[in-house]
Amino acid sequence: MKVFVAGASGAIGRPLVGQLVAAGHQVTGMTRHPERAAEIEAAGARSAVCDVFDGDGLRAAVAEARPEVVVNQLTAFPAELDPRKPDVYEATNRIRTEGTRLLVGAAQAAGAGRMVAQSVSFIYEPVGGWVKTESDPVISSAPEPFAAAMRAMLDLERQVTRADAIEGVVLRFGFFYGPHTAFARDGYNAAEFGRRRFPVIGKGEGVSSFIHVDDAAAATVAACERGEPGVYNIVDDDPAPMREWVPAYAEALGARRPLRIPAWLAKLAAGRALVSMASAGRGAENAKAKRELGWEPLHASWRQGFREALRQPLDAAH
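So, a few notes on the structure that sits alongside this text. (Residues numbered from 1 in each chain as written. Predicted model: local features only at pLDDT ≥ 70, side-chain atom pairs only at ≥ 80, totals over all residues. Heavy atoms only, no water.)

1. A few points about the side chain of H212
Cut-off, in case you're wondering: Comment: elements are numbered from the N terminus, with helices defined as DSSP H or I runs of at least four residues and strands as E runs of at least two. Pairs of residues are marked as contacts when any of their non-hydrogen atoms sit within 4.5 Å.
For H212, the location among the structural elements is in strand β11 (residues 210–212). In this view, H212 contacts Y177, G178, P179, H299 and A309; residues no more than four positions away in its chain are not counted.

2. Structural notes on unusual backbone geometry
E144 connects to P145 through a cis peptide bond whose omega is 5°. By the secondary structure assignment, P145 is in the loop between β6 (131–132) and α5 (146–161). With a phi angle near 50°, R66 is a residue other than glycine that sits in the positive phi range. Residue position: R66 is located in the loop between α3 (55–65) and β4 (69–72). You will see that H180, though not glycine, has its phi angle at about 70°, which is positive. Counting through the fold element by element, H180 comes out in the loop between β8 (175–177) and α6 (188–194).

3. Let's talk about the state of the cysteines
Rules: Sulfur atoms of two cysteines make up a disulfide when they are within 2.5 Å. Three exposure classes are used, based on accessible area relative to the maximum for each residue type with a 1.4 Å probe and protein chains only: buried under 20%, partly exposed in between, and exposed over 50%.
A complete count under the given rule lists zero disulfides for this structure. The thiol of C50 is not disulfide-bonded; the next cysteine sulfur, from C224, is found 19 Å away. Given the relative accessible area of 8%, C50 is considered buried. On the accessibility criterion, C224 (2% relative accessible area) is buried.

4. A few points about the pattern of salt bridges
The condition is simple: Should a side-chain nitrogen of Lys or Arg be within 4 Å of a carboxyl oxygen of Asp or Glu, the pair is scored as a salt bridge.
All told, the structure shown has 15 salt bridges when counted by the stated rule. Note that E98 is salt-bridged to R94, the shortest N-O span being 3.0 Å. Of this pair, E98 and R94 both sit in helix α4 (residues 90–110), four residues apart, which is roughly one turn of the helix. Residue R94 is classed as partly exposed on the basis of its relative accessible area of 39%. Across the pair D237 and K290 runs a salt bridge, and its minimum N-O distance is 2.9 Å. Here K290 lies in helix α11 (residues 287–293) and D237 lies in the loop between β12 (230–234) and β13 (240–241), a separation of 53 residues in the sequence.

5. Focus on α4
Owing to its 3.6 residues per turn, the α-helix brings residues three or four apart onto one side. Test applied: Between the first and last residue of a helix there are one fewer steps than residues, each counted as 1.5 Å, and that sum is the expected span.
Counted at 1.5 Å a residue, the expected span for α4 with its 21 residues is 30 Å, and the 29 Å between its end C-alpha atoms agrees. Taken residue by residue, α4 has T92, N93, I95, R96, G99, T100, L102, L103, V104, G105, A106 and A107 as its buried positions. Taken together, the buried residues of α4 touch β1 (2–6), α3, β4, β5 (114–120) and α5.

6. A short note on the sheet that holds β5
So the rule is basically this: Whether two strands pair depends on DSSP finding at least two bridges between them. To obtain each axis, a line is fitted to C-alpha atoms, and for helices this fit is confined to the stretch in contact; angles are then taken between N-to-C directions over 0 to 180 degrees.
Read from one edge to the other, the open sheet built from seven strands follows the order β3-β2-β1-β4-β5-β7-β12, with strand pairing classed as parallel. The two strands at the open ends of the sheet, each matched to only one other strand, are β3 (46–49) and β12. Across this sheet, the average inter-strand angle for adjacent strands is 20°, counted without regard to direction. Sheet topology places strand β7 (residues 167–173) next to β12; five bridges connect them, and they run parallel. When the sheet's bridge partners are listed, L171 is paired in β12 with Y232.

7. Some points on the nonpolar core
Short version of the rule: Take the buried residues of types Ala, Val, Leu, Ile, Met, Phe, Trp, Tyr and Cys, join any two whose side-chain atoms come within 4.5 Å, and each joined set is a nonpolar core.
Ranked by internal contacts, the top residues of the largest apolar core, which has 42 residues, are F4, M30, L58, V70 and M115. Put simply, the parts of the chain that give this core at least two residues each are β1, α3, α4, β5 and α5. The greatest single-element share of this core, amounting to seven residues, is contributed by α5. For M30, the residues in contact, after removing those within four places along its chain, are F4, V5, A6, G7, A8, S9, A48, C50, V52, L58 and L74.

8. A look at the environment of G10
Structurally, G10 is set in the loop between β1 and α1 (13–22). Judged by its relative accessible area of 26%, G10 is partly exposed. Separated by 26 residues in the primary sequence, G10 and R36 have C-alpha atoms spaced 9.9 Å apart.

9. Some thoughts on the pairing of β4
Definition in use: Call a crossover right-handed when, viewed with both strands pointing away from you, the route from the first strand across the helix to the second goes clockwise.
With burial as the criterion, each face of β4 is covered, one bearing V69 and V71 and the other bearing V70 and N72. When β1 meets β4, the two strands line up parallel, connected through four bridges. Residue pairing for β4: A6 is matched across the bridge by N72. Pairing geometry for β4 and β5, over four bridges, is parallel. Note that in β5 the partner of V69 across the bridge is R114. Since β4 and β5 lie parallel, the crossover through α4 that links them has a hand, and here it is right-handed.

Below, the structure written as structure tokens:
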């Protein structure tokens, strides 16, 4: 099968290209960074250097690849992924709205029959049970800048699942960990933990779901090959409250035990969006993806996964 991967040099794109090639697919990997084209080609794929906002260039690149499936793994998060900064999500929001529109159009023009796109699992309304399925309602309101990010994410989901003549598959990923993520040993979150600037907030009741990037890539391969159109949670088997995973990550990192601070103080220091997630965030379950995509995470729990990922030498992760 011919697969066009937009975002082939990102945290998921890198393992995804390798896994698609290993599965016998003909892959074209798109990147906007010319220096990363050689890495894509070394993995056994063709490279296409293109910016998603270059509409003509994008259409030409996708048309040349003649894909049956187009994968959207495009993001533009800064290295310092600080949710307190009002513009932290702006570039990615534009990619998820305008960029998705351009990519869907290019896929339709090239005759692709399927699109698989990246979304997030921490999108569910913070009411009711702590672990959500794909049929549960999504966030209706949230503090900025998280609210703008969620609007952009939901716009992407609508565009992909409602596109004419394309089977749209949306993968709602948990928080990424592993190489090239904020939770990697050289990532932003690891640095914050090292400075003891990532506390447990309030009672730490908010639940998070995680996914190793290799498992995220494997789920994407599965979604390229099979499964009904629609939305799938791609998370590990172990959704957990902040009071559990924050100290566990610090221990795996070798950092000092995180502080605990009251919610009112955290609002002043970190903003309402982070406090809301820490106190009311919902995790996700993966039963549908296991059942319909035939996918299982190799890293079944972040508890072991954090330790294994953080033991990996930095030079092996790059």
